[in-house]
Amino acid sequence: MDVIINLIVYLVVFGLIWWLVSLLPLPAPVAQIVRILFIILLIVILLSAFNILPGGYLPHFRL
């Protein structure tokens, strides 16, 4: 259950940051690099949420 809550919290925060960054007037090459970095971060969040990546790269929330 904690995994699902952590995943939901991280995806909501990730979505808000993605939305805020998309509002910035970035040049096309910079926007492409930022998009690639966000996709890599999304993959790391998903792999860490299901403990596929070793170690605790993302903090766990305790409710």
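Position numbers for residues count from 1 along each chain, tracking the sequence in the order it is written. pLDDT decides what is reported in this predicted model: residues at 70 or higher carry local features, side-chain atom pairs at 80 or more are listed and counted, and totals for whole chains, interfaces and linings draw on all residues regardless. In computing side-chain values, all of the structure's heavy atoms are included and hydrogens and water are not.

## Things to note about the nonpolar core
Selection rule: Here, nonpolar core refers to any group of buried Ala, Val, Leu, Ile, Met, Phe, Trp, Tyr and Cys residues whose side-chain atoms link them within 4.5 Å. Only protein chains enter the accessibility calculation, which uses a 1.4 Å probe. A residue is then buried if its area is under 20% of the maximum for its type, exposed if over 50%, and partly exposed in between. The helix count covers DSSP runs of H or I at least four residues long, the strand count covers runs of E at least two residues long, and both are numbered beginning at the N terminus. It only takes one pair of heavy atoms within 4.5 Å for two residues to be counted as in contact.
Ranked by size, the top nonpolar core spans six residues in total: L7, Y10, F14, F38, I45 and A49. Elements supplying a minimum of two residues to this core: α1 (2-22) and α2 (28-49). Apart from residues no more than four positions distant in its own chain, F14 is found in contact with F38, L41, L42 and I45.

## Let's talk about the environment of I17
If you trace the backbone, I17 turns up in helix α1. In the structure, I17 is positioned 21 residues away from F38 in sequence and 9.4 Å away in space, judged by C-alpha atoms.

## A look at the packing of aromatic side chains
The condition that has to hold: Centre distance within 6.5 Å is the pairing criterion for rings of Phe, Tyr and Trp, where only the six-membered ring of Trp is used; planes under 30 degrees apart are then read as stacked, over 60 as edge-to-face, and the remainder as tilted.
If you walk through the whole model with that rule in mind, you get three aromatic pairs. Taken together, a centroid distance of 5.9 Å and an interplanar angle of 50° make the contact between F14 and W18 tilted. With F14 and W18 both in helix α1, this residue pair falls four residues apart, about one helical turn. Note on F14: relative accessible area 9%, which makes it buried. A relative accessible area of 34% places W18 in the partly exposed class.

Functional significance is not addressed by these values, which are geometric in nature.
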